[in-house]
Amino acid sequence: MKILVTGGGGFIGSHLVDLLLKREHVVIVLDNFSTGKRSNLPLEHPQLKIIEGDIRDTDTVFQAAEGCDAIVHLAAVASVQASVDEPIGTHEVNLVGTVKLLEAAKQHSIKRFVFASSAAIYGNTEVMPVSESTPLSPLTPYAADKLASEYYIDFYRRQYGLSPAVFRFFNIFGPRQDPSSPYSGVISIFMQRTINDQPMTVFGDGEQSRDFVYVADLVQLLADAVEKQNPNHLPMNVGNGTQTNLNQLLDLIRDFSGKKLAVSYEESRLGDIKHSLADNRAVCEKMDYHRQYPVALGLRITYDWYLTKSESSI
Ligand code: NAD
Ligand code: UD1
């Protein structure tokens, strides 16, 4: 198949590109490299084409999708906090960009559309774990745009016969997650700061918890969703049903790094969710998803990767 991966130069996207190439697909990456990196990609691979461009640009999106059999739409401003600080800019990428991709799919009669939605759309809920039927409560512009994207995708399904697979990712972590911004994922920040013996900040009391998913488990699922007909057009949670809070995360990092960590606690972030835990029965049943990497194992591999990176940059 010929597959367009938007955001293919990013953390999750580049792992997916590796796997799709391994499965012998032709891959077109569309990325503006705002947070992604060319060095995440196997630049010389004969089955890979990279288009440096922006999903806000209609012509670029239409040209990139031409001749493709499927689209995996991952490009986004991935930080919840960035959307709070800059709602207009993130909205243009996260919602308007999605609509442009959907229009391109329609224009080129591409049916298969895999989309990265987010657990953020559940907000703070009393119900734990959250299933797909838990009432939604998007608390931030990021969450509102992901939810609106889901509604647009469903419109294109009903109106134009799109065959979507929509996944609500919980917290994904692993090698290549970029730790360099205050908006970066917490595990990437904590890992890099541990390795560099720098202090780290916990926003809140550290008791907030997330359902962390190792990236290799996620991309296996995404590649399967590209190749197989999705038996269920409804969105599905991608979490493992295990809860880890930030204090536990720091304990794990302390254990395997053997380091004393310098941790300070500050005010919680606006719109931050306290607990997030997935009921993942739908994805297990419908997509045959099964976790291969428990959190501790994934963390270990990820830590070793950041360690190698820091040694190679000395
Ligand atoms: P990332 O920042 O590494 O990847 C996003 C990619 O999109 C980057 O390569 C970036 O350069 C590209 N991009 C951003 N704006 C663009 C634009 N205007 N035009 C073209 N390319 C653009 O983040 P990630 O963690 O790999 O996230 C991938 C997707 O998964 C995002 O849609 C994100 O919202 C979603 N998601 C991630 C998580 C997580 O825990 N990492 C959880 C839920 C959902
Ligand atoms: C993450 C993803 C988001 C996704 C959501 C799904 C990133 C950057 N964000 O958001 O794309 O949709 O999961 O659940 O990948 N924190 C600290 N110190 C730090 C950094 C963060 O205490 O230095 C805290 C945050 O305040 C938050 C927790 O760690 O309470 C997790 O933050 P973060 O990694 O940014 O993830 P989410 O906001 O859950």
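Reading the values: the criteria
Residues numbered from 1 in each chain as written. Chains lettered and ligands numbered in written order. Predicted model: local features only at pLDDT ≥ 70, side-chain atom pairs only at ≥ 80, totals over all residues. Heavy atoms only, no water. Phe/Tyr/Trp six-rings, centres within 6.5 Å; stacked < 30°, edge-to-face > 60°. Helix = DSSP H or I, 4+ residues; strand = E, 2+ residues; numbered from the N terminus. Buried < 20%, exposed > 50% of the residue type's maximum accessible area, 1.4 Å probe, protein only. Near = heavy atom within 4 Å. Polar contact = N/O pair within 3.5 Å; in protein donor to acceptor, adjacent residues only side chain to side chain. Areas by Shrake-Rupley, 256 points an atom, 1.4 Å probe, with all protein chains shown as cover. Domains from an automatic or database assignment. Contact = heavy atoms within 4.5 Å. Buried area = accessible area lost by both parts, 1.4 Å probe. Salt bridge = Lys/Arg side-chain N within 4 Å of Asp/Glu carboxyl O. Axes fitted to C-alpha atoms, helices over the stretch in contact; angles between N-to-C directions. Parallel < 35°, antiparallel > 145°, perpendicular 65-115°, else oblique. Left-handed = near helix turned anticlockwise from the far one by under 90°. Nonpolar A, V, L, I, M, F, W, Y, C, P; charged D, E, K, R; others polar.

Colleague: Teacher, can you tell me more about the packing of aromatic side chains here?
Modeller: A ring pair, where both rings are aromatic, is described by two values, the distance of the centres and the angle of the planes. In this structure the tally under the stated criterion is 9 aromatic pairs. On the basis of an interplanar angle of 90° and a centroid distance of 6.3 Å, the ring pair of F173 and F212 is categorised as edge-to-face. Pair noted here: F173 is in strand β7 (residues 171-173) and F212 is in strand β10 (residues 212-214), with a separation of 39 residues, a long-range link. Ring geometry for F173 and Y214: centres 5.6 Å apart, planes at 65°, overall edge-to-face. Taken together, the residues F173 in strand β7 and Y214 in strand β10 connect sequence positions 41 residues apart. Considered together, F173 and Y214 belong to a single accessibility category, that of buried residues. The rings of F173, F212, Y214 and Y293 are connected pair by pair, giving a single aromatic cluster.

Colleague: Would you take a moment to explain the site of ligand 2 for this structure?
Modeller: Ligand 2 sits among 22 residues. The nearest are A78, S118, Y142, V186 and D272. One of the side-chain N or O atoms of Y142 is found 2.6 Å from an oxygen atom in ligand 2. T201 places a main-chain nitrogen or oxygen 2.8 Å from a nitrogen atom of ligand 2. Within the complex, the protein chains bury 89% of what would otherwise be the 740 Å² of accessible surface of ligand 2. For the shell around ligand 2, the secondary-structure elements that each account for two or more residues are α6 (186-195) and β8 (200-203). Broken down by element, the residue count for the shell around ligand 2 peaks at 3 residues, all from β8.

Colleague: Looking at this model, I keep getting lost on the domain arrangement of the protein. Mind explaining?
Modeller: Often, the extent of an interface is quoted as the loss of accessible area upon association of its parts. The domain boundaries assigned to the protein delineate domain 1 (2-172 + 214-238) and domain 2 (175-210 + 243-273 + 293-312). One C-alpha centre belongs to domain 1, the other to domain 2, and the line joining them spans 25 Å. On the domain 2 side, the residues contacting the 23 residues of domain 1 number 15 residues. Of the roughly 1,700 Å² buried between domain 1 and domain 2, counting both surfaces, carbon and sulfur atoms make up 54%. Area buried by domain 1 at its contact with domain 2 is led by F11, Q81 and Y214, which between them contribute 33% of it. Applying the counting criterion to the domain 1 and domain 2 interface returns 1 salt bridge.

Colleague: Honestly, the pattern of salt bridges in this entry has me stumped. Any pointers?
Modeller: Two side chains with opposite charge may pair up if their charged atoms get near one another. Applying the stated criterion across every chain yields a total of 15 salt bridges. Notably, a salt bridge pairs R176 with D18, separated by 2.9 Å at the nearest N-O pair. One end of the pair, R176, is in the loop between β7 and α6; the other, D18, is in helix α1 (residues 11-22), with 158 residues separating them in the sequence. By relative accessible area, D18 is classed as partly exposed at 27%. We note a salt bridge from R158 to D154, for which the minimum N-O separation is 3.2 Å. Residue R158 and its partner D154 are located together in helix α5 (residues 141-160), separated by 4 residues, close to a single helical turn. When its relative accessible area of 53% is taken as the criterion, R158 is described as exposed. On the basis of relative accessible area, D154 is assigned to the partly exposed category, the value being 24%. Taken together, the shared-partner salt bridges in this structure form one network comprising R23, D224 and E227.

Colleague: Looking at this model, I keep getting lost on the site of ligand 1. Mind explaining?
Modeller: Close to ligand 1 lie 29 residues; F11, D31, T35, L74 and Y142 are nearest. The side chain of D54 places a nitrogen or oxygen atom 2.9 Å from a nitrogen atom of ligand 1. Y142 is positioned with one of its side-chain polar atoms (N or O) 2.7 Å from an oxygen atom of ligand 1. Here ligand 1 has 820 Å² of accessible area as a free molecule, and 93% of this is covered by the chains.

Colleague: Explain the side chain of T302 here, please?
Modeller: Inspection of the secondary structure puts T302 in helix α10 (residues 295-312). Residue classification places T302 among the buried residues on the basis of a relative accessible area of 0%. Non-local contacts of T302, meaning those with residues more than four positions away in its chain, are made with F173, G174, P175, M191 and Y214.

Colleague: Looking at this structure, I do not really get the packing of α6 against α10. What am I missing?
Modeller: A pair of packed helices can be characterised by two numbers: the angle between their axes and the separation between those axes. Taken N-terminus to C-terminus, the directions of α6 and α10 make an angle of 50°; their axes are 10 Å apart at the nearest point. As the angle between them shows, α6 and α10 are arranged oblique. As for the relative orientation of α6 and α10, their crossing is right-handed in sense. Each of I187, S188, M191, T194 and I195 in α6 lies in contact with α10, whose residues at this interface are L299, T302, Y303, Y306, L307 and S310. Class assignment of the residues belonging to the contact of α6 with α10 gives a composition of 7 nonpolar, 4 polar and no charged.

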